[in-house]
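# Residue-level structural notes
So the chains spell out like this:
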Amino acid sequence: MTDLATMHARYDRLGLADVAARVLGGERLSIEDGERLFACPDVTALGALAHHARTRLHGDKTYFVVNRHLNYTNICVNGCLFCAYRRERGEDGAFALSLEEAEAKVRATPEDTAEIHVVGGCHPSLPLAFFEELLARVKRLRPKALLKCFTAVEIAHFARLESITPREVLARLKNVGLVMMPGGGAEIFDPEVRTRICPHKLTAEEWLDIHRLAHSMGLRTNCTMLFGHLETRRHRMEHLDALRRLQDETGGFTCFIPLPFQTENSRLTGITPLTGLEELRTIAVSRLMLDNIRHIKAYWVMLGVKQAQAALYYGADDLDGTVVEEKIGHMAGAKSEAALTKTELMAMIRHCGFTPVERDSLFNELSEPSALLGPASQEAACAS
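Residues numbered from 1 in each chain as written. Predicted model: local features only at pLDDT ≥ 70, side-chain atom pairs only at ≥ 80, totals over all residues. Heavy atoms only, no water.

### Digging into the packing of aromatic side chains
As a reminder, the rule being used: What counts as a ring pair is set by centres within 6.5 Å for rings of Phe, Tyr and Trp (its six-membered ring), and what kind of pair is set by the plane angle: stacked under 30 degrees, edge-to-face over 60, tilted for all other angles. Only DSSP runs of H or I with at least four residues qualify as helices, and only runs of E with at least two residues qualify as strands; both kinds are numbered from the N terminus onward. Exposure categories follow from relative accessible area, calculated using a 1.4 Å probe and restricted to protein chains: below 20% of the type maximum is buried, above 50% is exposed, and the middle band is partly exposed.
Inspection of every chain in the model, using the stated rule, returns ten aromatic pairs. Seen from their ring centres, F131 and F150 are 5.4 Å apart, and the 85° between their planes marks the pair as edge-to-face. Taken together, the positions of F131 in helix α6 (residues 128–141) and F150 in the loop between β4 (146–149) and α7 (152–162) put the pair 19 residues apart, joining distant regions of the chain. You'll find F131 and F150 in the same group, each marked buried. Judged by centre distance (5.5 Å) and plane angle (55°), the ring pair of F189 and W207 falls under tilted. Separated by 18 residues along the polypeptide, F189 in the loop between β5 (178–181) and α9 (191–197) and W207 in helix α10 (residues 204–216) bring together distant segments of the chain.

### As for the pairing of strand β10 (residues 355–359)
The line we're drawing: Any two strands are treated as partners once DSSP identifies two or more bridges connecting them.
Burial analysis of β10 places five of its five residues in the buried class, the great majority of the element. When strand β1 (residues 61–65) meets β10, the two strands line up parallel, connected through four bridges. Pairing of K61 across the sheet is with T355, part of β10. Alignment of β10 against strand β11 (residues 365–367), held across two bridges, turns out to be antiparallel. When the sheet's bridge partners are listed, E358 is paired in β11 with S367. Where β10 folds back on β11, the antiparallel hairpin that results is connected by five residues, among which F363 adopts a positive phi of roughly 70°.

### Details of the sheet that holds β1
Quick reminder of the rule: To obtain an axis, a line is fitted to C-alpha atoms, over the contacting stretch when the element is a helix, and the angle between two such axes runs from 0 to 180 degrees between their N-to-C directions.
Taken together, the four strands give an open sheet; going across it, the order is β9-β1-β10-β11, and neighbouring strands pair in mixed fashion. The outermost strands of the open sheet, each flanked by one partner alone, are β9 (318–321) and β11. When strand polarity is set aside, the average angle formed by the axes of neighbouring strands in this sheet is 40°.

Coordinates in, geometry out; function isn't part of it.
Shown next, in the form of structure tokens:
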């Protein structure tokens, strides 16, 4: 029996021959197709389809970025139940960086930093002028770095504080260097679940509207999905479909990031932690459903280094980057390192059999390293 016949027989036995044929033919899958893939008992068969889709788009390339996270405050007016990062003003552990403190952190970043990622809580009194000055200072210090800053939730918050429109907020930030928005704040779009986990946050429609607006203004954005809390697999599928439909409309999403919920320090109780296989299933189904979003990120901060490596065979093509000082995921209980070096990232990728490609926020390729790292470097990366 030929390899192709063996493959068809495998998916036929699983009741997925028609879905596999659509994947191999580059056809769009339905929500129901996605649910069937989730239900497949053979996770390696699901992974093989996702890996096929990933390879068709990217070959053996795996992307990474030299970046720096700048979390400016954890004081926030939104009392999201899932969030372990948020603090009240004056509460133990609360912080808000001054412009000088933020500037010092940026000065400590390498000159070749390609991305500065700025996000934080919705502080009750920091004015938009503070953030305009913050971005202007960052851009002066690291003129080559692209500024990927502020979720849709933050943009809406700034607009409410200033009594202006989100368009005006984005225009002012774009004027001081903003080129891209991260995808946070999407959580899960189902309104009932959203009411239970983040009742004071934007609705799904408002989140989508701000990203639609950003795309219309020439800003690229990422998109996310927080999974593994109160949602069902059907909710995940509907979330992915909403993102896919907006991408059909605007083409403005650069990368999708599936974020596994961290249970350890959350106020949500009674949540069964995700299994590693469920994380991989979700990444694989995301790759297969989001046929019009080119990149899927295995965010090592939330997944852990080893699971992020495995995800490269389940549809993911990007590992994010060096990060340097991530607070949000780690305050939620993430067990990963706070930072990785460029050498460690490249070794991680090569050890898995892929070619590391350095990028910027927009996935412009900055280099394609070819010299193999020595065994000691590879072993160090795999032990991390």
